[in-house]
Amino acid sequence: MSAGDLRKRYEAAFMPNYGVPPVVLTSGHGCVVWDADGNEYLDLIAGIAVSSLGHAHEELGEAVANQVMSLAHTSNLFINEQEVVLAEKLRELLGGEGRVFLANSGTEANECALKLAIKYGKANERTYFVAAENGFHGRSMGALSLTGKRSIREPFGPFAIDVRFVPYGDAEALRAAVTDECAAVFLEPAQGEAGVVPPPDGYFAAVRQICDATGTLFVADEIQSAIGRTGAWFAHQHEGVRPDILTLAKGLGGGLPIGACVGFGPAGELFAKGDHGTTFGGNPVAAAAALAVLWTIEKENLLDNVAAVGTLLKDGLAAVEHPLLTGVRGRGLWLAAVLTPGAAPAVEAAAREAGFLVNAVQPDAIRIAPPLILTPQQARSFVDAFPAILDAAAGAMKPNPEAEPPKEN
Ligand SMILES: *Cc1c(COP(=O)(O)O)cnc(C)c1O
C-alpha cells in the first residue's frame, strides 16, 4: 500500500471537509506510531487528546476484544453490566455523586447538556445561554450554536437558541452577561481548540459564584481536559469547584468512541423518561474500553506521571530560546508552544520530518497532547529535538528568493 495512492483515494472518496491529511498511519505501540512509508514517530497528539493509554495497549485491547466476542451491543432497550460499572466508576471519581448519560462523541455529550439546560430554562423562564468567544463545543447544531469560534459557527447560522458570547477568562464580563434569565453557562476549563488557553487562576471559582448567585446552570465542557489530561481526573478539580453539568469524551475511551454527560444534584434529575436517548449510548464495547482506561490510569498512577512528565516537558520547552518561540502554556500533558504568528504549520511539518507528531491547532500555536503514558525519556527527546525543529521551520518559512519581486530602485 502506497501512501500517495491512499491519499488520492481518500481525496476522491471523502467529502473535502478535512482536506487530505499528510500522513497515512498504519500501526502503533505505546507512544510510537508508524506510517505507510515505514517512518516512525513519537505521537505527541494522541489523536487529539484521545489515545490516553497510547496505542495497542494490552488491557484496553483485551477488554475490547473480550467484549466484542461476548456482547458487542445491547441498545438502550436492555441493560449491560459494563455501562453500569462505568457510570458508577465515573460517579466514584466525581466524589460519589452525579447521574450519567452515555453518548458516542463529544458533541453528543454537549447536546445532552444543552437539552438539560433548555429544559431547565423552560421551567424557569430562562431564555438565553452564555458561552465564551473562541470556545469550542462541537459541530452538531446545538453544540455549534455554543461554539464561539466565528469561522466555525457563522456559516451555519442562524441558530435556534440565543447564545451570548463573552471574552474567555474575564469574570466581570461573565458577571455582566449572566442574569436570572440565563439558563446555563457553557465553558471549557482551558480552551483546547483555541490553542490550550488557560483562564486566569480563580476563574472557575468565579463562574461557580456567578452561577450560584443567579441560579444559572454551570456546564463544564471537559471533553478535552478530563480523564487525567491535566494531572487531575477532571480539570475543574484543580479549582475545587464542581459544575452542575459535566461533559466528557475524547480521552475517556482510549480511542473507542464514547461521550458522557454527568448532571449533579437537581441537574441530574431534569430528564423524564423519553426526553433523550441514543441507540449506541452505553455500548458495552465502548464502556469496557473506558473502564480499562480508568482502571489503568489508577493502577499505573498515571495522574502522577502526567504531572511529572508534563512539568518536565513544559519547563524543557520553555527553556528553549528561539525567535519563533514566544512561550509555553497549559498544564499536565496538555500544552501549547506559542509561536510567532503563522509559524505553527511549518513547525508541525518540521516536527513530523524529525519524527514527532504535534498539531498546529492555531496559526501561532502547536498543541502537545500525548498519551498519558509518555515517559520522561520520550518527553526529553522532543525537548532536545525542538531547537532544530524550530530552525528547520524557520528555514522553510524563509521567502524563496526566486519568488521575491525584483527590488525597486
Ligand atoms: C473535541 C471537543 C468537542 C467535540 O467532540 P467531538 O467528539 O469531536 O464531537 C467538544 N468540546 C470540546 C472542548 C472538545 O475539545
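Quick caveat: nothing in here was measured; it's all calculated off a predicted structure.

**Student:** Is there a simple way to explain the UniProt feature "binding site: pyridoxal 5'-phosphate" (unreviewed entry) in the chain in this structure?
**Tutor:** Here, the residues flagged by UniProt with the feature "binding site: pyridoxal 5'-phosphate" (unreviewed entry) are Gly106, Thr107, Phe136, Asp221, Glu222, Ile223, Gln224 and Thr279. The greatest C-alpha distance among the residues just named is 25.3 Å, and with 174 residues of sequence between them they are spread in space as well. Secondary-structure assignment places Glu222 in the loop between β8 (217–221) and β9 (245–248). Apart from residues lying up to four places away in sequence, Glu222 is in contact with Pro189, Phe234, Ala235, His236, Leu246, Thr247 and Leu248. By secondary structure assignment, the location of Gln224 is in the loop between β8 and β9. In this structure, Gln224 is in contact with Ala49, Gly192, Glu193, Arg229, Lys250, Trp334 and Arg367, ignoring residues within four places of it in sequence. Separated by 2.9 Å, the side chains of Gln224 and Glu193 make a polar contact.

**Student:** Even after reading the chapter, I still don't get the packing of helix α12 (residues 344–353) against helix α13 (residues 376–397), so can you show me in this structure?
**Tutor:** Any two packed helices are characterised by the angle at which their axes cross and by the distance between the axes. The interhelical angle for the contact between α12 and α13, taken along N-to-C directions, is 125 degrees, at an axis separation of 8 Å. Regarding the angle of α12 to α13, the classification is oblique. Here α12 and α13 pass one another in a crossing that is right-handed. Packed against α12, whose contacting residues are Ala346, Val347, Ala350 and Ala351, the element α13 presents Phe386, Ile389, Leu390, Ala392, Ala393 and Met397 at the interface. Class assignment of the residues belonging to the contact of α12 with α13 gives a composition of 10 nonpolar, no polar and no charged.

**Student:** What exactly am I supposed to notice about the pattern of salt bridges here?
**Tutor:** Pairs can form between side chains of opposite charge once their charged atoms are near each other. For the structure shown, the criterion picks out 14 salt bridges. Among the salt bridges present, the one from Glu59 reaches Lys299, with a minimum N-O distance of 2.4 Å. Of this pair, Glu59 sits in helix α3 (residues 58–70) while Lys299 is found in helix α10 (residues 284–299), placing the two residues 240 residues apart along the sequence. Relative accessible area serves as the criterion here: at 31%, Glu59 is assigned to the partly exposed category. Relative accessible area serves as the criterion here: at 54%, Lys299 is assigned to the exposed category.

The rules behind the values
Residues numbered from 1 in each chain as written. Predicted model: local features only at pLDDT ≥ 70, side-chain atom pairs only at ≥ 80, totals over all residues. Heavy atoms only, no water. UniProt positions renumbered as here; feature names shortened; annotations may be inferred. Helix = DSSP H or I, 4+ residues; strand = E, 2+ residues; numbered from the N terminus. Contact = heavy atoms within 4.5 Å. Polar contact = N/O pair within 3.5 Å; in protein donor to acceptor, adjacent residues only side chain to side chain. Axes fitted to C-alpha atoms, helices over the stretch in contact; angles between N-to-C directions. Parallel < 35°, antiparallel > 145°, perpendicular 65-115°, else oblique. Left-handed = near helix turned anticlockwise from the far one by under 90°. Nonpolar A, V, L, I, M, F, W, Y, C, P; charged D, E, K, R; others polar. Salt bridge = Lys/Arg side-chain N within 4 Å of Asp/Glu carboxyl O. Buried < 20%, exposed > 50% of the residue type's maximum accessible area, 1.4 Å probe, protein only.

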